[in-house]
Amino acid sequence: MKAVRFYGTNDVRIETMDKPTPQGDEVLIKIGGAGVCHSDLHVIHDGIMGEDPQPFTLGHENAGWVEATGNGVKGFKKGDAVLVYGPWGCGHCKPCQQSAENYCDHQSENPYGGGLGLNGGMADFMLVPSSRLLVHIKDLDPIVAAPLTDAALTPYAAIRRSKDKLTSDAFVVVLGIGGLGHVALQILKATSAATIIAGDVTADKLQLAKDHGADFVINTTDDDVVSQIQKITGIKKAAVVLDFVGIQPTINIGQQVVGLNGDLTIVGLGGGHLDFHAMAVPLGTRISTPYWGTRVELMEVIELARHGKMKIDIEKYKLDQAHEVYDKLLNGKIKGRAVLTP
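Reference entry: report on the structure contained in this document. (Residues numbered from 1 in each chain as written. Predicted model: local features only at pLDDT ≥ 70, side-chain atom pairs only at ≥ 80, totals over all residues. Heavy atoms only, no water.)

### Thoughts on the sheet that holds strand β15 (residues 258-266)
What counts here: The pairing criterion is simple: DSSP has to find at least two bridges between the two strands. By the criteria applied, helices consist of DSSP H or I runs no shorter than four residues and strands consist of E runs no shorter than two, each listed in order from the N terminus. Angles here are taken between N-to-C directions and fall from 0 to 180 degrees, while the axes themselves are lines fitted to C-alpha atoms, restricted in helices to the stretch in contact. In what follows, residue pairs with any heavy atoms lying within 4.5 Å of each other are defined as contacts.
Sheet architecture is open: 6 strands sit in the order β13-β12-β11-β14-β15-β16, paired in parallel fashion. Where the open sheet ends on each side, the last strands, each with one partner, are β13 (216-219) and β16 (286-288). Averaged over all pairs of adjacent strands, the angle between their axes in this sheet comes to 15 degrees, without regard to strand direction. As paired strands, strand β11 (residues 171-175) and strand β12 (residues 195-200) are joined by 5 bridges and run parallel to one another. Within the sheet, the bridge partner assigned to Val173 lies in β12 and is Ile197. Contacts from helix α8 (residues 248-257) reach β11, β14 (238-243) and β15, with the element oriented near 155 degrees to β15.

### Focus on the pattern of salt bridges
The condition that has to hold: By convention in these notes, a salt bridge is any Lys or Arg side-chain nitrogen within 4 Å of a carboxyl oxygen on Asp or Glu. The classification of residues rests on relative accessible area computed with a 1.4 Å probe and restricted to protein chains. Under 20% of the type maximum is buried, over 50% is exposed, and intermediate values are partly exposed.
Taken as a whole and assessed by the stated rule, the structure comprises 17 salt bridges. Close ionic contact of Glu300 with Arg160 constitutes a salt bridge, the shortest N to O distance being 2.9 Å. Of this pair, Glu300 sits in helix α9 (residues 295-306) while Arg160 sits in helix α4 (residues 153-161); the two residues are 140 residues apart in sequence, bridging distant segments of the chain. Residue Glu300 is classed as partly exposed on the basis of its relative accessible area of 28%. Members of the salt-bridge network, linked through shared partners, are Lys138, Asp139, Glu303 and Arg306.

### Topic: the side chain of His182
Stated precisely, the cut-off is as follows: Any N or O atom pair separated by 3.5 Å or less is treated as a polar contact, with the protein-specific requirement of one donor-capable and one acceptor-capable atom, and with residues adjacent in sequence counted only for side-chain atom pairs.
Along the chain, His182 falls in helix α5 (residues 181-191). Of the residues examined, His182 reaches a relative accessible area of 0% and is grouped as buried. Within the structure, His182 has its side chain in polar contact with the backbone oxygen of Gly178 (distance 2.8 Å). When sequence neighbours within four positions are dropped, the list of residues in contact with His182 reads Ile177, Leu208, His212, Lys311, Ile312, Asp313 and Gly336.

### As for the nonpolar core
This is how it is decided: We define the nonpolar core as a collection of buried residues of types Ala, Val, Leu, Ile, Met, Phe, Trp, Tyr and Cys that are connected through side-chain atoms lying within 4.5 Å of one another.
Membership of the largest hydrophobic core comes to 79 residues, with the highest contact counts inside it found for Leu58, Met122, Leu148, Val172, Val174, Leu242 and Met310. Counting residues in hydrophobic clusters, the runner-up holds 17 residues, among them Phe171, Ile218, Ile229 and Ala238.

### Regarding helix α7 (residues 225-233)
To be explicit about the condition: In this description, one arc is meant: the one made by directions from the helix axis to the C-beta atoms.
Those residues of α7 lying buried are Val225, Val226, Ile229 and Thr233. Down the axis of α7, the sector holding all buried residues measures 100 degrees, keeping them to one side. Here the buried face of α7 lies against β11, β12, β13, β14 and α8. After α7 finishes, the residue Gly234 shows a positive phi value of roughly 75 degrees.

### Quick notes on unusual backbone geometry
Non-glycine residue Lys138 carries a positive phi angle of around 55 degrees. Classification of Lys138 as exposed rests on a relative accessible area of 57%. One non-glycine residue, Trp292, adopts positive backbone phi at about 55 degrees. Structurally, Trp292 is set in the loop between β16 and α9. We classify Trp292 as buried; its relative accessible area is 5%.

### As for the sheet that holds strand β1 (residues 2-8)
Sheet architecture is open: 3 strands sit in the order β2-β1-β4, paired in antiparallel fashion. Looking at which strands have only one partner, the edges of the open sheet turn out to be β2 (11-16) and β4 (56-57).

Next up, the structure:
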């Protein structure tokens, strides 16, 4: 089978491998689609996997059909359409038992999951180590559904943290209308009545924000971006700020527009620095850096998609185009989410 393999910093190869055979509780998935994420760029270019990583297949947003199962698998059969839950924990600690493998007690001791230290889904087939990591998607198309595992699950989990503050009289600011941000807008529209202010740097991204329900859009490169937002929110400012970029300019904006007792949620891994000191943010502000979401939340995301309340804009490419796609992603030329298909 063909696979997109990571061998070390700036070393990605497309090569042929043997097709795995599942044993025990393992499940072999015939991949329909594998999403391409900005986190992949951090893996490829930033050396976050260490100085001498073991080679692995990229791709942590994966969906497809059950191809074969080990003799210990129950609840799945050949041909079932499934998503692969992305963060793989130990499966036994308290967070894992609560379906929050994204916060596994043993995360520091193990690879994060398939495509993040272990073999992922940018391949014809993917071997999933346990059936607990699969979720049925019923009538959803795996090619379209693959990014739900991160591009939808991550903003959904971040938004759920603030559900008590997303009331009809509240303002929420969404910074970065890319792969995660354009989905966050749809989730907000489907699950809350808050007024949405979206910010990005290009006209096409601002149009994308309008298309997906933003009540106001603002170019975040404008010198008066903070005053523009505050003119909309008034003196109480934003109850929730969702930063899907995480670079210094967006963090600076978030600090200035979040209100008293608000939520400043930084999801993006852009490397910006939050200079925290007394009065750096309004009193009562809750600062959080959520990571992915739970399996239960993924099930809820799937139902939003199945009922037509959320749709990820995707661009489809073949596995052989992986290098081209990563270059486009690096240069901001992907609208929505790119998906590689075998």
